[in-house]
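Each chain is listed here by its residues.
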Amino acid sequence: MALILGIESSCDETAASVVRDGREVLSNTVASQIAKHSPYGGVIPELAAREHLTAIETVVDTALRDAGVQVKDLDAVGVTHAPGLVPALLIGIHFAKGLTEANHLPLIGINHFLAHIYGSFVDSSEYRFDDPSLYPMMALVVSGGHTCIVIITLDGKAHLAGTTLDDAAGEAFDKAAKMLNLGYPGGPVIERLAKQGDPKRFHFPRSLTGTAGKAVAPENRFNFSFSGLKTALLYHTAKLAGSGELSGQDLYDTLASYQEAIVDVLCTKAFDAAKFYGVKSCVVCGGVACNGALRARFEQTAPRNVIAFMAPKKYCTDNAAMVGGLTYHYFKKGFRSPLNLDAKARLPLNTELPFDFSALQSGCRVDL
Ligand code: KG4
Ligand code: ZN
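Parameters at a glance
- Residues numbered from 1 in each chain as written.
- Chains lettered and ligands numbered in written order.
- Predicted model: local features only at pLDDT ≥ 70, side-chain atom pairs only at ≥ 80, totals over all residues.
- Heavy atoms only, no water.
- Near = heavy atom within 4 Å.
- Polar contact = N/O pair within 3.5 Å; in protein donor to acceptor, adjacent residues only side chain to side chain.
- Areas by Shrake-Rupley, 256 points an atom, 1.4 Å probe, with all protein chains shown as cover.
- Helix = DSSP H or I, 4+ residues; strand = E, 2+ residues; numbered from the N terminus.
- Nonpolar A, V, L, I, M, F, W, Y, C, P; charged D, E, K, R; others polar.
- Disulfide = S-S within 2.5 Å.
- Buried < 20%, exposed > 50% of the residue type's maximum accessible area, 1.4 Å probe, protein only.
- Pairing = 2+ DSSP bridges.
- Axes fitted to C-alpha atoms, helices over the stretch in contact; angles between N-to-C directions.
- Contact = heavy atoms within 4.5 Å.

A separate point is the site of ligand 1. Gly144, Asp174, Glu191, Gly287 and Asn291 are the nearest of the 21 residues found near ligand 1. Within the side chain of asparagine 291, a nitrogen or oxygen atom sits 3.0 Å from a nitrogen atom of ligand 1. Contact with the protein chains removes 91% of the 550 Å² of surface that ligand 1 exposes when unbound. Those elements giving two or more residues to the shell around ligand 1 turn out to be α4 (112–118), α5 (169–179) and α6 (186–194). Top element by residues in the shell around ligand 1 is α6. It accounts for 4 residues. Considering only residue class, the shell around ligand 1 consists of 6 nonpolar, 11 polar and 4 charged.

Within this structure, the stated rule accounts for 0 disulfides. Here cysteine 148 is not cross-linked by a disulfide; its sulfur's nearest cysteine counterpart is in cysteine 285, at 8.1 Å. With no disulfide of its own, cysteine 316 has cysteine 290 as its nearest cysteine by sulfur position, at a separation of 4.6 Å. Looking at cysteine 316, the relative accessible area reads 0%, which means it is buried.

Within the open sheet, the 5 strands sit side by side as β3-β2-β1-β4-β5. Their pairing is mixed. On the outer flanks of this sheet lie β3 (24–32) and β5 (107–111), each paired with one strand and no other. Shown here is a sheet whose adjacent strand axes are inclined to one another by a mean of 20°, direction ignored. In terms of strand pairing, strand β4 (residues 76–82) meets β5 through 5 bridges, oriented parallel. Counted as the bridge partner of valine 77 is leucine 107 from β5. Lying on the sheet, helix α2 (residues 45–67) is in contact with β1 (3–8), β2 (13–20) and β3; it crosses β2 at an angle near 25°. Here helix α10 (residues 321–332) sits on the sheet and contacts β1, β2, β3, β4 and β5; the angle it forms with β1, its principal contact strand, is near 130°.

Right, dumping it as structure tokens:
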């Protein structure tokens, strides 16, 4: 049995969680900075760092208290160290270093992408992260900072099969909301208003899918691009509302059609990759995976021969339960981070997960 404290500070949420044995979430504390960043329509890194600095001690104390445990009961501390906003990451990392050094606890640095993927397993009574029958796996990681297709092979390696060439899917929601004066973050408000709209009324472009009559370069088959969609929204708004603002049914139909374009591209590409790599399971995770239209499409269009499941909504947006849960598996394998653990804005995604089932037959069609 192992009790792990997870700490997350990669973006605008200061979070801490105590997780037992990688699955049982004893506490899940999240302090959101949304109100602070809202006037800017996006996250300001230095502001985020200052907010983490003032919040982190209380957040960790709350997580320990909610779980009914003390620092002396912990077996290890896991902290997000990449990728993310470096000034923000540094706060969580420094706090974790101080805590582990003072209490002679192991420190384990965690990849934020992989933690998001683990969000599909933490708390799940059905699926186990270390179940070899789920691999190779395709994970669609969609958040405010990232949009990527990750293939995890039986040997425990995570490979980046595709990523966005410009904006992330969450940014496409956030920037659209900013453009239409709907507030920040854009995803939840767009989803709410889009429910009253017709997703088929307007057609927005589906970049890098070949639907515009232009062949997609092979290297971009699993890549995404959302900046053209944002420009299309700008022209669409000017055409429909002139110098005024979109409102009423025009606004709802616009948002529903815009959301539809994002969901369509995400699912089409993710499942194309799933088929191409011959995976056994598919997951979707990250903040955008809270979106009901995406969740419905993911379920409806997943290939019949794969196991498709998604992170529960509360573990989609940034949280530390996914960090604490994943840390347990590294801890169990004896993995420890050095005290000079660094923060990194980006991480080449060829990352090791704490399992290796390579002795089993690989179902992956392609050597990644
Ligand atoms: O995973 P996350 O909390 O932070 C990052 O790691 O970026 O994701 C935040 C992103 C924001 O862009 C937000 O607009 C988007 O997730 N988001 C949504 C929804 N809820 C949050 N996007 C679409 N629909 C939602 N319901
Ligand atoms: Zn995230």
